[in-house]
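# Examining the three-dimensional arrangement
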Amino acid sequence: MAKCVLVTGGTGYIGSHTTVELLEAGYEVVIVDNLSNSERFVLKGIRKITGKRVPFHKVDCRDLTRLGHVFARYKFDAVIHFAASKAVGESVEQPLLYYRNNLDSLMNILTLMRAHQVPNLVFSSSCTVYGQAEKLPVSEQTPRREATSPYGNTKHMCEDIIRDSVAAYPEIASIALRYFNPIGAHPSAEIGELPRGVPNNLIPFVTQTAAGIRPVLSVFGDDYNTPDGSCIRDYINVVDLAKAHVVAVKRMTEGKMKARFEIFNIGTGRGVSTLEVVRTFEKVNNLKLNYKIVGRRAGDIEAVWADPTFANEELGWKAEKSLDETLRSAWKWQQHLDGKQ
Ligand code: UD1
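Residues numbered from 1 in each chain as written. Predicted model: local features only at pLDDT ≥ 70, side-chain atom pairs only at ≥ 80, totals over all residues. Heavy atoms only, no water.

Right, let's talk about the site of the ligand for a bit. Around the ligand, the structure places 22 residues, and the nearest of them are Ser 126, Leu 202, Ser 218, Arg 233 and Asp 300. Between the ligand and Ser 126 there is a distance of 2.4 Å, counted from an oxygen atom to a side-chain nitrogen or oxygen. Arg 233 is positioned with one of its side-chain polar atoms (N or O) 2.5 Å from an oxygen atom of the ligand. Of the residues forming the shell around the ligand, the biggest block, four residues, is contributed by strand E8 (residues 217-220). When its residues are assigned to classes, the shell around the ligand shows eleven nonpolar, seven polar and four charged. (Near = heavy atom within 4 Å. Polar contact = N/O pair within 3.5 Å; in protein donor to acceptor, adjacent residues only side chain to side chain. Helix = DSSP H or I, 4+ residues; strand = E, 2+ residues; numbered from the N terminus. Nonpolar A, V, L, I, M, F, W, Y, C, P; charged D, E, K, R; others polar.)

Side chains Leu 217 and Val 219 project from E8 onto a buried face, and the interleaved Ser 218 and Phe 220 project onto a face without burial. The pairing of E8 with strand E13 (residues 291-294) spans four bridges and is parallel. Bridge pairing links Phe 220 to Val 294 in E13. (Buried < 20%, exposed > 50% of the residue type's maximum accessible area, 1.4 Å probe, protein only. Pairing = 2+ DSSP bridges.)

Our focus in this paragraph is the packing of aromatic side chains. Scanning the model with the defined rule gives five aromatic pairs in all. Summarising the aromatic geometry, the rings of Tyr 130 and Phe 180 are spaced 6.4 Å apart at their centres and angled 25° between planes, so their arrangement reads as stacked. Placement of the pair is Tyr 130 in the loop between strand E5 (120-126) and helix H6 (150-168) and Phe 180 in the loop between strand E6 (173-179) and strand E7 (181-183), with a sequence separation of 50 residues. Cluster of aromatic residues (ring-pair linked, three or more members): Phe 71, Tyr 74 and Phe 76. Its guanidinium or amino end placed over the ring of Tyr 224, Arg 296 lies 3.9 Å from that ring's centre, counting from NZ or CZ. (Phe/Tyr/Trp six-rings, centres within 6.5 Å; stacked < 30°, edge-to-face > 60°. Lys NZ or Arg CZ within 6 Å of the ring centre and 35° of its normal.)

Everything listed here is a matter of coordinates, which is why it stays silent on function.
Below you can see the structure in the form of structure tokens.
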């Protein structure tokens, strides 16, 4: 019988791509999302790609009672918990919203997993837990640094909540995936990133500038201690990232974990500068991007990229898609969106 996975935040950017990969790998999926930062029509995109209709429940994970009804209705083998607020700047302005949303949701999930005998949790963590590391690239052994935003702090705290819960409750186990910078879109361009309002993240700002929705891209700083002076990140294709979740679920449901709480870096292992992203985007899509260098963005760290060896060797997962291909997919998705509007 097919295994069934609850995907919270399943209409979001990473959640929707993961749902597609799970369905294509033969899993059944149930989505829960409060649609606070995603759209219902994403479900249509998922259906177009996979030919499958996914059960969807508009439920807020802070609502223990309604979430409990979803757990009671199905027999889940695993939960992938994406549902969370993720804008660094907003988290500084509204810390309580972030702590309430990200911590309560996780604690409700853990409570219901125990109550309904759901043993496996995959959790969305972030490279933000490393802050500006002294040594690059960062491995899972790199010490975490004090978070510089409430958002980052929720990722720290959620990892700790899971660690302590798994230690206390033998019936649950978890894999936390620390994502680096997910970008790009499904090659079909049926699903992709859907920022609301002015995008905070680099790639949606780049594609919206190329499309003429934004007049100019601001590159935040060219005076960092990096080869071209702009910040360095590890940009990971969202489909590659989605596949890491499928591998994690399989590892858990097949009883292959080596510890009851495991943490993996999910990145490419390659650091790329902001200016390199801009140039590559221009080259692979054969266009000119209007950009200017401005001052540094508060809270940005200079450079971070992953040592993904542990995920490569232990999970048997590896980032496969090139930056060229990924930036082409981002542009294709933007054009698809423009066509719809
Ligand atoms: C950060 C966190 C990441 C988190 C994400 C949530 C770190 C290292 N990363 O990503 O864990 O999940 O926030 O949103 O803490 N940039 C520009 N112009 C723009 C936008 C961005 O130059 O208009 C630059 C930034 O300075 C940065 C890079 O592009 O160097 C990527 O920025 P962004 O996409 O916002 O992601 P992070 O800040 O790296």
